Amino acid sequence: MLLNLHRFLPLTEAEGPGKRACLWVQGCPIRCEGCGVPWTWSKDGGKETSVDEMYEEIMKSYQVNGIEGVTFLGGEPFEQAAPLAELAKKLKRAGLSIMCFSGYPFETLKAANRKDWDDLISETDLLIDGPFVKSKLDLSRPWVGSSNQHYRFLTNRYSHLEYELHTLPNRLEIRLGQDGRIMVNGMAAPDTIKDLFLDIGKKQSGTPITSKKLRD
Ligand code: SF4
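Because the structure is a prediction, the values reported are computed rather than measured.

(A) Local environment of the overall build of the protein chain. The secondary structure content of the protein chain amounts to 5 helices and 10 strands. For the protein chain, the C-alpha radius of gyration of 17 Å lies close to 17 Å, the compact-globule estimate for 216 residues. Reported as C-alpha extents along the three principal axes, the dimensions of the protein chain are approximately 50 × 35 × 35 Å. Out of the 216 residues belonging to the protein chain, those deemed buried represent 49%. Expressed as a percentage of contacts within the protein chain between residues at least 6 apart in sequence, the contacts between residues at least 24 apart total 65%. Accessible area for the protein chain stands at about 10500 Å²; split by element, carbon and sulfur atoms hold 51% of it. Between the mean site of the 28 positive side-chain charges and the mean site of the 29 negative ones, the protein chain shows a separation of 3 Å.

Here's what the structure looks like:
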């Protein structure tokens, strides 16, 4: 089974609890106003990757970096629910946790009565659901961008966090690639990201800035 992958990060501490691998899928039909990653909307431009290949990459990070789980972001993960459910099932068997974002509200996902969506839900420990709503921008909670989005603790794995969310900060990670590309992931206000890149651009005149904010 194949995934249409936008980006894979073997280690991050900005996309969910603890150390995690993170997988952004390509393609999102929801198209929220103010979305931070509009370049993931199109189904074109992703990299076809098999579930087995992705599993091997993630397990390598588990061995090298000691990650505790994986986060699926988008794009829209539920548009690729069947391969993600299969991947999640293998990872859960290996003891890793699964966190998944969706722009679809949980009620919509459940009411659809789709096997692929139900399968992904049943493998997910922590689901963050709901579209980004620009008029409800709220960065006071970890990992999410607007106040309408919900944390669904679908298993006991992270249920202890339900009353500790206010103690967890939002984080932004910045990486400088060997080719000079600057890659950012995590959560911050759009203006903060813009100012950050303007500032970096001024300090690194001549360095191309070709990759910007990556966020569901
Ligand atoms: S915020 Fe997420 S759900 Fe909304 S358009 Fe962007 S990728 Fe899609």
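(B) Quick look at helix α1 (residues 51-65). A rise of 1.5 Å per residue sets the reference length of α1, with its 15 residues, at 21 Å; its end C-alpha atoms lie 21 Å apart and thus fit the reference within 8%. When we look at burial in α1, the residues that qualify are V51, M54, Y55, I58, M59 and S61. When α1 is viewed along its axis, its buried side chains cluster within an angular range of 155° and face the same direction. Of the exposed residues in α1, those oriented more than 90 degrees away from the buried face are Q63 and V64. The elements touched by buried residues of α1 are β1 (2-12), β2 (20-25), β3 (47-50), β4 (69-73) and α2 (81-93).

What counts, and at which threshold
Here the residue index of a chain counts from 1 through its sequence in written order. In keeping with the model being predicted, local features are shown solely for residues with a pLDDT of at least 70 and side-chain atom pairs are shown and tallied solely at 80 or more, while totals for entire chains, interfaces and linings include all residues. Hydrogens and water are ignored here; the side-chain numbers use all heavy atoms of the structure. In this text, helices come from DSSP runs of H or I with a minimum length of four residues, and strands from runs of E with a minimum of two, each type numbered from the N-terminal end. Note that the radius of gyration is over C-alpha atoms, with the globule rule given as 2.2 Å times the number of residues to the power 0.38. We call a residue buried when its accessible area falls under 20% of the maximum for its residue type, exposed when it is over 50%, and partly exposed in between, using a 1.4 Å probe and counting protein chains only. Whether two residues touch is decided by their heavy atoms; if any such pair falls within 4.5 Å, the residues are in contact. Here the open area of atoms and residues is found with the Shrake-Rupley method and a 1.4 Å probe, where only the protein chains shown may cover a residue. We treat Lys and Arg as the positive residues and Asp and Glu as the negative residues; His and chain ends play no part in the count. Charged groups are reduced to one reference atom each: NZ for lysine, CZ for arginine, CG for aspartic acid, CD for glutamic acid. Here the expected length of a helix is defined as 1.5 Å per residue gap, with one fewer gap than residues. Working definition: the arc comes from the directions between the helix axis and the C-beta atoms, pointing outward to the latter.

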